[in-house]
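# Coordinate analysis (summary)
Given next are the chains, with one letter for each unit.
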Amino acid sequence: MNVTLPDGKVLTLGHGATGGDVAGAIGPGLAKAALAVEVDGKVWDILRPLEGDANLRIITRKDPEALELIRHDTAHVLAMAVQDLFPGTQITIGPNVEDGFFYDFVRPTPFTPDDLPKIEARMREIVRADLPTRREVWNRAEAIKHFEEIGETYKAEIIRDLPGSDVITVYYHGDWHDLCRGPHFSSTGKIGQGFKLMKIAGAYWRGDAKNAQLQRIYGTAWRDEKELDAYLKRLEEAEKRDHRRVGREMDLFHMQEEAVGQVFWHAKGYSLYRELENYIRRKLSWAGYDEVKTPLLLDRKLWEQSGHWDNYRKNMFVAEVDDEKKTLAVKPMNCPGHVLVFKQGTKSYRELPLRIAEFGSCHRYEPSGSLHGLMRVRGFVQDDAHIFCTHDQITSETTAFCRLLLDVYRDLGFEDVRVKLSTRPENRIGSDEIWDKAEKALADATTAAGLDFALNPGEGAFYGPKIEFVLRDSIGREWQCGTLQVDFNTADRLGATYIAEDGSKHPPVMLHRAVLGSMERFIGVLIEHYAGKFPLWLAPVQAVVTTIVSDADAYAGEIAAELKAAGLRVELDLRNEKINYKVREHSLAKVPYLLIVGRREAENRTLTVRRLGVEAQESLALTDAIPMLRADAVPPDLRRP
RNA sequence: GCCGCAGUAGCGUAGUGGUAGCGCAACCCCUUGGUAAGGGGUAGGUCGCGAGUUCAAUUCUCGCCUGCGGCACCA
């Protein structure tokens with residue numbers, strides 16, 4: 001049996017040799033470090049006998065595969081510990097997730113938070129006991145029978161649903177066993193102690209709300225305790241920039257019971273909101289959009305006609321008055337309103353593409369459990385627009401939109417953008433010919449804008465394909481914000497047409513598109529991306545003028561007034577506090593510019609500038625400082641290069 | 001919506017079957033201090049809401065509301 005190593009070297013071994021034997025043949029050090037092997041591209045147990053000639057690579061703790069194995073082995077140890085401590089608990093599945101793993105259990109009484117330390121302690125014992133791992137191949141029927149007999153009905157169900165071609169393998173760790181595809185380490189001790197149980201949660205069997213709810217335990221696992229600590233520290237840091245926390249600390253917004261899922265924007269938060277809105281408004285205006293404003297309440301009949309009443313009635317707020325029989329619905333989206341605007345007067349092909357934009361206030365009755373700060377709300381404003389165009393204009397309009405979006409994201413501090421293209425679903429309207437055309441148009445347009453896309457087959461809307469834009473924030477999290485959807489249906493359904501070159505009437509194609517998605521959510525993303533330290537043009541308070549001694553009060557007031565006159569958002573802090581205290585406080589408040597004046601500055605008509613996060617101070621003449629600050633605060637789209 | 005947990009002053013928290021403390025913030029006084037917390041004092045609470053048990057409930061029980069962590073959902 002010949003084994004080829006990554007460097008091209010070929011080792012000849014006897015029949016039945018394992019990956020461990022290969023490592024041993026290379027050297028004793030490697031034999032010790034080897035945790036698993038990659039055999040012809042697949043990760044195998046170190047103790048599994050090779051089945052013939054193969055390309056083989058030794059996996060040690062440093063390899064990314066090792067971390068995956070650590071996590072999955074830890075999931076097994078979790079299941080062992082749980083069954084040990086809570087006899088009668090059924091095990092179901094326990095896959096890896098980002099940064100860790102979970103295992104889903106079936107148990108009449110739910111776990112409590114107090115159980116976690118107990119389970120974790122038992123897990124550490126199991127790891128220290130270094131129980132040996134054994135892999136067995138089982139007969140399918142016997143496996144089903146076995147798991148039924150020991151009361152593991154979910155495991156039996158899993159086996160029944162496995163494709164007939166799959167080999168049924170069972171892994172033993174000591175006496176405990178589990179149905180598992182593997183691979184695993186040769187013993188539980190190889191896991192190490194860099195793991196921790198994180199939380200308990202309910203989760204539906206097979207991810208379906210119609211099924212039973214299982215008890216899920218989440219854990220995290222790393223190569224060693226140092227990596228674990230680093231991870232826990234990262235979580236703490238992420239928590240510090242949580243938009244709900246920063247929003248309170250910086251007095252940006254609040255939410256309360258009387259308006260569940262809706263935002264009370266405070267003066268500072270709304271300043272940020274308006275700055276962002278005005279920025280988008282300028283971008284839209286330059287991109288040839290017409291901004292409109294349409295009613296929040298529209299007759300039920302319109303929603304029936306558009307199809308929303310049938311499909312989304314449960315998620316709509318309705319409004320009724322005593323004196324009229326009409327039912328009005330609070331708009332959950334802006335499309336019908338924009339179609340009604342389009343339908344005013346006769347539209348010619350010469351007017352297309354017609355881009356109708358709106359900062360559209362929408363309300364949706366979202367499930368209570370899905371609400372999350374600004375990220376998922378019931379009342380929100382979309383930076384929405386509908387482009388009414390011909391089939392031939394889809395590509396060019398989409399390309400232009402991609403460019404606009406990338407431009408905006410870059411201005412807002414996001415360079416890393418991914419695109420997903422969702423294609424025709426099973427249930428759809430329109431001919432395959434039109435779908436072919438639309439999908440190709442989106443693909444071509446995205447490529448033309450210099451973007452790569454990932455395919456999301458079958459995930460499109462029933463009325464047309466769509467692209468979605470996912471941005472990555474400063475700590476690596478991804479957020480889906482922008483979208484563009486092709487719609488062959490709505491205009492026709494609501495009776496909107498244009499007159500073509502040959503005098504015939506056609507419904508226009510509608511492109512539904514949003515750059516930010518929702519103002520609320522995007523501001524949430526911005527808060528977390530910048531951890532509240534906004535670029536100057538967005539910062540709610542751009543500068544604080546403060547004094548060292550009260551003799552400088554009058555001068556400080558003069559500076560604040562001049563800056564205000566220059567269009568800056570300035571606050572004046574004349575409190576009788578030490579300068580150390582004020583510096584600390586305004587730094588924690590994330591104010592970009594601290595302008596400090598004492599006796600010296602008042603005499604020379606200068607000021608001392610301290611930028612957030614920079615300890616160095618700079619002394620400037622007042623006459624120089626004002627134009628400098630004003631220039632610095634110009635929004636990115638208004639800067640002359 | 002489902003599972004679990006939680007709700008005490010603006011924020012962060014302690015605590016108890018006999019109606020509540022602490023820190024920061026607020027307010028007042030002293031301090032005028034040159035770049036990340038100067039000192040002293042004062043005020044602030046229907047312990048989420050409703051019911052039940054009890055001589056007595058913030059504490060125990062039930063229901064509801066809201067929030068948090070997941071799951072499901074997201075036109």
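This text gives an overview of the structure that appears in the document. For clarity, every value in this text was computed on a predicted model and none was experimentally measured.

This next bit is on the protein's contact with RNA strand B. Of all residues adjacent to RNA strand B, which total 53 residues, the nearest are Gln213, Ile548, Asn576, Glu601 and Arg610. Backbone atoms, meaning sugar and phosphate, make up 49% of the atoms of RNA strand B lying within 4 Å of the protein. One of the side-chain nitrogen or oxygen atoms of Arg364 is found 3.2 Å away from a base nitrogen of RNA strand B. Here a phosphate oxygen of RNA strand B and a side-chain polar atom of Ser368 are 2.5 Å apart.

With that out of the way, let us pick up the pattern of salt bridges. Oppositely charged side chains may form a pair once their charged atoms are brought near each other. Counted under the stated rule, the structure contains 50 salt bridges. Its salt-bridge partner being Arg57, residue Glu38 comes within 2.7 Å of it at the nearest N-O pair. Placement of the pair is Glu38 in strand β3 (residues 36–39) and Arg57 in strand β5 (residues 54–59), with a sequence separation of 19 residues. Since its relative accessible area comes to 23%, Arg57 is described here as partly exposed. Glu237 is the salt-bridge partner of Lys240, the closest N and O atoms lying 3.3 Å from each other. One end of the pair, Lys240, and the other, Glu237, are both in helix α7 (residues 225–240), three residues apart, so they sit about a helical turn from each other.

Each pocket or cavity is described by its volume, and for the largest pocket that value is around 1200 Å³. Forming the boundary of the largest pocket are 40 residues, of which Pro332, Met333, Arg364, Gln382 and Gln485 lie nearest the centre. At the level of elements, α11 (308–312), β22 (379–389), β25 (466–472), β26 (478–487), α15 (490–493) and β29 (509–518) are the ones that each hand at least two residues to the lining of the largest pocket. Considering each element in turn, the lining of the largest pocket owes the most residues, six residues, to β29.

Right, let's talk about the environment of Thr547 for a bit. With respect to the helices and strands, Thr547 occurs in strand β30 (residues 543–547). The contacts of Thr547, once residues within four sequence positions are left out, are Ala552, Asp553, Ala556, Asp573, Leu574, Ile579, Lys582 and Val597.

The topology assignment puts Leu50 in the loop between β4 (42–45) and β5. Sequence-wise, Leu50 and Val22 are 28 residues apart; in three dimensions their C-alpha atoms are separated by 9.9 Å.

Another point: the packing of aromatic side chains. A full pass over the atoms with the stated rule returns 19 aromatic pairs. Their ring planes at 90° and their centres at 4.7 Å tell us that Tyr154 and Trp205 sit as a pair that is edge-to-face. With Tyr154 in helix α6 (residues 153–161) and Trp205 in the loop between β12 (195–204) and β13 (213–221), the pair connects residues that are 51 residues apart, well separated along the chain. You'll find Tyr154 and Trp205 in the same group, each marked buried. Centroid distance Phe414 to Phe522: 5.9 Å. Interplanar angle 80°. Geometry classified as edge-to-face. Taken together, the residues span a long stretch of sequence, with Phe414 in the loop between α13 (394–411) and β23 (417–422) and Phe522 in helix α16 (residues 519–530) at a distance of 108 residues. Note on Phe414: relative accessible area 1%, which makes it buried. Take Phe522: its relative accessible area is 0%, and that puts it in the buried class. Of the aromatic side chains, those joined through ring pairs into one cluster are Phe86, Tyr103, Phe105 and Phe111. Here Arg48 stacks its cationic end above the ring of Trp44, 3.6 Å away from the centre of that ring.

Formed by 66 residues in total, the largest nonpolar core has its most connected members in Tyr409, Leu412, Phe469 and Phe522. Here the element with the most residues in this core is α13; it accounts for eight residues. In terms of nonpolar packing, the next biggest core, distinct from the first, is built from 35 residues, Phe105, Met123, Val127 and Ile191 among them.

This paragraph deals with the pairing of strand β34 (residues 618–621). Here strand β33 (residues 606–611) pairs with β34 via four bridges, running antiparallel. Bridging from a neighbouring strand, Thr608 pairs with Ser619 of β34. Linkage of β33 to β34, two consecutive antiparallel strands, is achieved through a turn of six residues, within which Gly613 is found at a positive phi near 85°.

Under the 1.5 Å per step criterion, the end-to-end length of helix α9 (residues 267–286) is 28 Å for 20 residues, consistent within 8% with the ideal 28 Å. Where the residues of α9 are buried, they touch β15 (264–265), β21 (354–363), β22, α13, β29 and α16. The first or second residue beyond α9 is Gly288, which carries a positive phi of 85°.

Take the side chain of Thr483 next. With respect to the secondary-structure elements, Thr483 resides in strand β26. The buried category is assigned to Thr483, whose relative accessible area is 15%. A polar contact of 3.2 Å, which involves the side chain of Thr483, links it to the backbone oxygen of Ile467. Thr483 has contacts with Phe401, Ile467, Glu468, Phe469, His512, Arg513 and Ala514, leaving out every residue within four places of it along the chain.

Let us look at the sheet that holds strand β24 (residues 453–456). Across the sheet, which stays open at both edges, the eight strands sit in the order β16-β21-β22-β29-β26-β25-β23-β24 with mixed pairing between neighbours. One side of each edge strand has no neighbouring strand; the edge strands of this open sheet are β16 (290–291) and β24. With 10 bridges joining them, β21 and β22 adopt antiparallel strand pairing. Counted as the bridge partner of Cys362 is Phe380 from β22.

Rules used throughout
- Residues numbered from 1 in each chain as written.
- Chains lettered and ligands numbered in written order.
- Predicted model: local features only at pLDDT ≥ 70, side-chain atom pairs only at ≥ 80, totals over all residues.
- Heavy atoms only, no water.
- Near = heavy atom within 4 Å.
- Polar contact = N/O pair within 3.5 Å; in protein donor to acceptor, adjacent residues only side chain to side chain.
- Salt bridge = Lys/Arg side-chain N within 4 Å of Asp/Glu carboxyl O.
- Helix = DSSP H or I, 4+ residues; strand = E, 2+ residues; numbered from the N terminus.
- Buried < 20%, exposed > 50% of the residue type's maximum accessible area, 1.4 Å probe, protein only.
- 1 Å grid on protein atoms, 1.4 Å probe; cavity = no way out; pocket = protein on both sides within 12 Å on 5 of 7 lines; lining within 4 Å.
- Points joined across faces, edges and corners; volume = space filled by probe spheres on them.
- Contact = heavy atoms within 4.5 Å.
- Phe/Tyr/Trp six-rings, centres within 6.5 Å; stacked < 30°, edge-to-face > 60°.
- Lys NZ or Arg CZ within 6 Å of the ring centre and 35° of its normal.
- Core = buried A, V, L, I, M, F, W, Y, C linked by side-chain atoms within 4.5 Å.
- Pairing = 2+ DSSP bridges.
- Expected span 1.5 Å × (residues − 1).

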